[in-house]
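# Breakdown of the fold
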Amino acid sequence: MPKALWIAHVEVTDADAYARYAEGAGPAIAKHGGKFIARGARYVTLEGTERARHVVAVFPSLEAGETCYHSAEYQAALDHARGASVRDLMIVELLDDAEL
């Protein structure tokens, strides 16, 4: 089963509330086998909507990433991000032969 990338593009509108989201989201992601490979690093927007923050985590599978998103732990963290950010979030399956 191929690994998958959880990719978020975020504009934070309430830093305090978003910090509470991050406190809970990290452990929830790790619990489901996710590992951050990019978070708040330098970036260049070449096309599309400009967002100030970008996060990429790798999961053992697309299903693991989706299970994480719907988990009670992640949803509790996500409650803090709602109204505190504008986000785009997707999970993308890697090619079978892709290496990270």
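Refer to the structure presented above.
Residues numbered from 1 in each chain as written. Predicted model: local features only at pLDDT ≥ 70, side-chain atom pairs only at ≥ 80, totals over all residues. Heavy atoms only, no water.

All right, on to the nonpolar core then. Among the nonpolar cores identified, the biggest contains 17 residues, and Trp6, Tyr21, Ile29, Phe59, Cys68 and Tyr74 are the most heavily contacted of them. Counting residues per element, the ones that place at least two in this core are β1 (4-12), α1 (15-31), β3 (53-59), α2 (62-70) and α3 (72-81). The element that contributes the greatest number of residues to this core is α1, accounting for 5 residues. Excluding anything up to four places from it in sequence, Trp6 contacts Ile29, Val55, Val56, Ala57, Phe59, Gly65, Cys68, Tyr69, Tyr74, Leu89, Met90 and Ile91. One finds Leu5, Ile7, Val56 and Leu94 within the second-largest nonpolar core, a separate group that totals 5 residues. (Core = buried A, V, L, I, M, F, W, Y, C linked by side-chain atoms within 4.5 Å. Buried < 20%, exposed > 50% of the residue type's maximum accessible area, 1.4 Å probe, protein only. Helix = DSSP H or I, 4+ residues; strand = E, 2+ residues; numbered from the N terminus. Contact = heavy atoms within 4.5 Å.)

With that out of the way, let us pick up the packing of α1 against α3. Where α1 meets α3, the closest approach of the two axes is 7 Å, and the angle between their N-to-C directions is 160°. It follows that α1 is roughly antiparallel to α3 by the angle criterion. By crossing handedness, the relation of α1 to α3 is classed as left-handed. On α3, the residues that touch Ala17, Tyr18, Arg20, Tyr21, Gly24, Ala25, Ala28, Ile29 and Lys31 of α1 are Glu73, Tyr74, Ala77, Leu78, His80 and Ala81. For the contact of α1 with α3, the per-class residue count stands at 10 nonpolar, 2 polar and 3 charged. (Axes fitted to C-alpha atoms, helices over the stretch in contact; angles between N-to-C directions. Parallel < 35°, antiparallel > 145°, perpendicular 65-115°, else oblique. Left-handed = near helix turned anticlockwise from the far one by under 90°. Nonpolar A, V, L, I, M, F, W, Y, C, P; charged D, E, K, R; others polar.)

Counted by the stated rule, this structure contains 3 salt bridges. Between Asp88 and Arg51 there is a salt bridge, with the nearest N and O atoms lying 3.0 Å from each other. Remark: Arg51 occurs in the loop between β2 (35-39) and β3 and Asp88 occurs in strand β4 (residues 85-93); sequence separation between them is 37 residues. Given a relative accessible area of 33%, Asp88 falls into the partly exposed group. Taking the relative accessible area as the measure of exposure, Arg51 reaches 12% and is therefore buried. Asp79 is the salt-bridge partner of Arg82, the closest N and O atoms lying 2.6 Å from each other. (Salt bridge = Lys/Arg side-chain N within 4 Å of Asp/Glu carboxyl O.)

Time to look at α2. Those residues of α2 that sit buried are Ala64, Gly65 and Cys68. Along α2, the residues classed as buried sweep out an arc of 100° about the axis, all on the same side. Check the buried side of α2 and you find it contacts β1, α1, β3, α3 and β4. (Arc of directions from axis to C-beta.)

Purely geometric stuff here, so don't read any function into it on its own.
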